[in-house]
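Residues per chain are reported as follows:
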Amino acid sequence: MKGVVAVIVACLVTLPFSAQAQTCGRDDDACETPMGSYRIALPDVPGQDLPAVLFLHGAGGTGRGTLSMTGTIDAITDRGYAVIAPDGLPWRPGRRGGIWSFLPDAQREQRRDEGAFFAEVISDAQARYGIDPDAVLLAGFSAGGFMVNYLACETPDAFAAYAPISGGFWRPHPSDCAGPVKLLHTHGFRDSTVPLEGRPLQSGQWLQGDIFEGLGIWRAANGCARPDPDGYASTDQFMRRYWECQPGSALEFALFPGGHGVPAGWADMALDWFETVTASPEEAGTTD
């Protein structure tokens, strides 16, 4: 990601200032890039080197729809983060909203290298709004959560950390993932759209994966010596378990009692986790 970002930024800075500074974002037109579009919500006091959450919508969603989740979005911007909300490719003919290209065998008329698209979006947002490309949490809900898992599996160093909500892998599960990775998976105990055990769709043509089996794949990627967690915690409605494995890794699972949705309190919990796992030894109060 960092190498791709550097190349794209070098190209963007050669654009006329008016092209970079054109009005776009949350309430205006979407910001356009060669591969797609996105919207952005900024904190009240914007500045240079802003941390950000790149949040991927669910199936049939849009970047505008993401930013309409005002409780979650405001909780993020209140902490000084920007929220970047890209648009997926058109999902179905005649239907609004988009989907992400995370399944290699999916038969779709349009496909996109989503990793390259996200790098392009971050670079564009850096040029326009001062986003720090090294301080971005990739998060996503449902289909967006599936996309987060697959990108983290293939390129764990593309983002500083990953936070899928209500989305894991599909069957057949990946045989393995690259690592180490920093990942916080959040899921609803009553989720019937993406159940913890997964479910078949379209008469079994597609099979959602098992969330706990996916956690096993992440433990292997992070070099965890045993399957049982190293610790447990609770934050408001979230029951949390975490694994402390090889250096540079962080793996946590947060279960909440609700169904298929972005739960109240997720933003603060996720940002607390993000700031902890990405802190330097000095910031963490250690001398390692």
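**Student:** Now, about empty space enclosed by the protein: what can you tell me, with residues and values included?
**Tutor:** Scanning the entire structure with this criterion turns up one cavity of 30 Å³ or more. As a volume, the largest cavity reaches approximately 50 Å³. With four residues, helix α7 (residues 211-221) is the largest single contributor of residues to the lining of the largest cavity. The residue makeup of the lining of the largest cavity, split by class, is four nonpolar, five polar and one charged.

**Student:** Describe the pairing of strand β4 (residues 82-86), with residues and values.
**Tutor:** Moving residue by residue along a regular strand, the side chains alternate between the two faces of the sheet. Burial of β4 is extensive: five of the five residues sit out of reach of the surface. Going residue by residue along β4, you find Ala 82, Ile 84 and Pro 86 tucked away on one face and Val 83 and Ala 85 tucked away on the opposite face as well. Sheet topology note: the strand β2 (residues 36-41)/β4 ladder contains four bridges and is antiparallel. Its bridge partner being in β4, Ala 41 is matched across the sheet by Val 83. When strand β3 (residues 50-56) meets β4, the two strands line up parallel, connected through three bridges. Residue Leu 54 lies in a different strand from β4, and its bridge partner there is Ile 84.

**Student:** Give me the state of the cysteines: which residues, what numbers.
**Tutor:** Counted under the stated rule, the structure contains three disulfides. In this model Cys 24 forms its disulfide with Cys 31; the gap between the sulfur atoms is 2.1 Å. Note on the Cys 24 and Cys 31 pair: the S-S dihedral is about 85°, so by sign convention the disulfide is right-handed. Cys 31 sits in the buried class, given a relative accessible area of 0%. Cys 224 shares a disulfide with Cys 245; S-S distance 1.9 Å. In this structure, the disulfide formed by Cys 224 and Cys 245 twists by about 100° around the S-S bond and is classed as right-handed. Pair noted here: Cys 224 is in the loop between α7 and β13 (231-235) and Cys 245 is in the loop between β14 (238-243) and β15 (250-256), with a separation of 21 residues, a long-range link. Looking at Cys 245, the relative accessible area reads 25%, which means it is partly exposed. Taken in N- to C-terminal order, the disulfide-linked cysteines of the protein chain are connected 1-2, 3-4, 5-6.

**Student:** Which residues make up a negative patch on the surface, and what are the values?
**Tutor:** A cluster of like negative charges, contributed by Asp 27, Asp 28, Asp 29 and Glu 32, occupies part of the molecular surface. Mapped onto the elements, Asp 28 comes out in the loop between α2 (17-20) and β1 (31-33).

**Student:** Explain the nonpolar core to me, and be specific about the residues and the numbers.
**Tutor:** Counting 52 residues, the largest nonpolar core has Leu 54, Ile 84, Ile 131, Phe 159 and Trp 218 as the members making the most contacts within it. For this core, the secondary structure elements donating two or more residues are β2, β3, β4, α5 (114-129), β7 (131-141), α6 (143-154), α7 and β15. The dominant element in this core, judged by the number of residues it contributes, is α6, at eight residues. In this view, Ile 131 contacts Ile 40, Leu 50, Ala 52, Ala 82, Ile 84, Ala 125, Gln 126 and Val 136; residues no more than four positions away in its chain are not counted. Counting residues in hydrophobic clusters, the runner-up holds 29 residues, among them Val 83, Phe 141, Ala 254 and Val 277.

**Student:** Can you lay out the packing of aromatic side chains for me, pointing to particular residues and giving the numbers?
**Tutor:** For the structure shown, the criterion picks out twelve aromatic pairs. Ring plane angle 75° and centroid distance 6.1 Å describe the contact between Phe 159 and Tyr 162, whose orientation is recorded as edge-to-face. Of the two residues examined, Phe 159 and Tyr 162, each falls in the buried class. Members of the aromatic cluster, each reached through a chain of ring pairs, are Phe 102, Phe 146, Tyr 150, Phe 169, Trp 170 and Trp 218. Directly above the ring of Phe 117 sits Arg 112, whose terminal nitrogen or CZ lies 3.8 Å from the centroid.

**Student:** With reference to specific residues and values, describe the sheet that holds β3.
**Tutor:** Ordered by their spatial adjacency, ten strands build an open sheet running β1-β2-β4-β3-β7-β8-β10-β15-β14-β13, and the pairing between neighbours is mixed. Since the sheet does not close on itself, it has two edges, and those belong to β1 and β13, each with one partner. The mean angle between the axes of side-by-side strands here comes to 25°, regardless of whether they run parallel or antiparallel. Where helix α4 (residues 70-77) meets the sheet, it contacts β2, β3 and β4, and its direction lies at approximately 135° from that of β4.

**Student:** Got a sec to walk through the packing of α4 against helix α8 (residues 266-277)? Specific residues and values, please.
**Tutor:** Axis separation between α4 and α8 bottoms out at 8 Å; the angle between their running directions is 35°. Helix-helix and strand crossings are classified by hand; for α4 and α8 the assignment is right-handed. The residues of α8 that touch α4, namely those facing Thr 72, Ala 75 and Ile 76, are Trp 266, Ala 267, Asp 268 and Leu 271. Looking at side-chain class alone, the contact of α4 with α8 contains five nonpolar, one polar and one charged residues.

The rules behind these values
Residues numbered from 1 in each chain as written. Predicted model: local features only at pLDDT ≥ 70, side-chain atom pairs only at ≥ 80, totals over all residues. Heavy atoms only, no water. 1 Å grid on protein atoms, 1.4 Å probe; cavity = no way out; pocket = protein on both sides within 12 Å on 5 of 7 lines; lining within 4 Å. Points joined across faces, edges and corners; volume = space filled by probe spheres on them. Helix = DSSP H or I, 4+ residues; strand = E, 2+ residues; numbered from the N terminus. Nonpolar A, V, L, I, M, F, W, Y, C, P; charged D, E, K, R; others polar. Buried < 20%, exposed > 50% of the residue type's maximum accessible area, 1.4 Å probe, protein only. Pairing = 2+ DSSP bridges. Disulfide = S-S within 2.5 Å. Patch = residues over 30% accessible without salt bridge, like charges linked within 9 Å, V, L, I, M, F, W, Y side chains within 5 Å. Areas by Shrake-Rupley, 256 points an atom, 1.4 Å probe, with all protein chains shown as cover. Salt bridge = Lys/Arg side-chain N within 4 Å of Asp/Glu carboxyl O. Lys, Arg positive; Asp, Glu negative; His and termini not counted. Charge placed at Lys NZ, Arg CZ, Asp CG, Glu CD. Core = buried A, V, L, I, M, F, W, Y, C linked by side-chain atoms within 4.5 Å. Contact = heavy atoms within 4.5 Å. Phe/Tyr/Trp six-rings, centres within 6.5 Å; stacked < 30°, edge-to-face > 60°. Lys NZ or Arg CZ within 6 Å of the ring centre and 35° of its normal. Axes fitted to C-alpha atoms, helices over the stretch in contact; angles between N-to-C directions. Left-handed = near helix turned anticlockwise from the far one by under 90°.

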